[in-house]
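Inside the fold
If you want the building blocks of each chain, they are given just below.
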Amino acid sequence: MLKLNNRNKINKSKLRVGRGIGSGKGKTAGRGVKGQKSRSGVAIKSFEGGQMPLYRRLPKRGFNPVRRKNIAILNLDKIQSYLDKKSIKSSDTLNSELLKKLKLINKNSNKLKILGSGEIKVKINIEADLASKAAVDKLEKIGGSIHIKK
């Protein structure tokens, strides 16, 4: 009868460290003698042997203001493209609630700002929190209106 020892096993049993001299991993359990790494509950995360760690080598970028206002920005040419695609109708009053419902602006945005980049060909009524002078002029020129909420 062939007897399989621990080396020939398919599933080797876990080595129980710190269980006496005879086990071969007794006393210090393979951790060496003294020092931080020999103690329990110590993990030296992101320590690179005295080399400047990666998180300190990379530059800090950007700034996240605490009281940031989420303002959705919409240009006139973007509104025109939505009208061409028939995402929105020219008869509708364009406001932030409608745009959020159609998922054309982010649902977390608090205010809507209309900017005057591009051309608009269709007469439309817009209700927004903010608007640039160019946007107001272009909308009024084609017969549309913009109502700015206070």
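A brief report on the enclosed structure follows. (Residues numbered from 1 in each chain as written. Predicted model: local features only at pLDDT ≥ 70, side-chain atom pairs only at ≥ 80, totals over all residues. Heavy atoms only, no water.)

Looking at unusual backbone geometry
With phi around 60°, Ala29 is a residue other than glycine that occupies positive phi space. By secondary structure assignment, the location of Ala29 is in the segment before α1 (54–57). Relative accessible area serves as the criterion here: at 21%, Ala29 is assigned to the partly exposed category. Of note in the backbone geometry, Lys34 takes a positive phi value of approximately 55° without being a glycine. Tracing the backbone shows Lys34 in the segment before α1. Judged by relative accessible area, Lys34 falls into the exposed class, the value being 67%. (Helix = DSSP H or I, 4+ residues; strand = E, 2+ residues; numbered from the N terminus. Buried < 20%, exposed > 50% of the residue type's maximum accessible area, 1.4 Å probe, protein only.)

Overview of the nonpolar core
In this structure, Leu74, Ile79, Leu94, Ile114, Ile124 and Ile126 are the most contacted members of the largest nonpolar core, which totals 21 residues. Every element with two or more residues in this core is listed here: β1 (71–75), α2 (76–84), α3 (96–101), β3 (111–115), β4 (125–128) and α4 (133–141). Looking at which element gives the most residues to this core, the answer is α2, with four residues. (Core = buried A, V, L, I, M, F, W, Y, C linked by side-chain atoms within 4.5 Å.)

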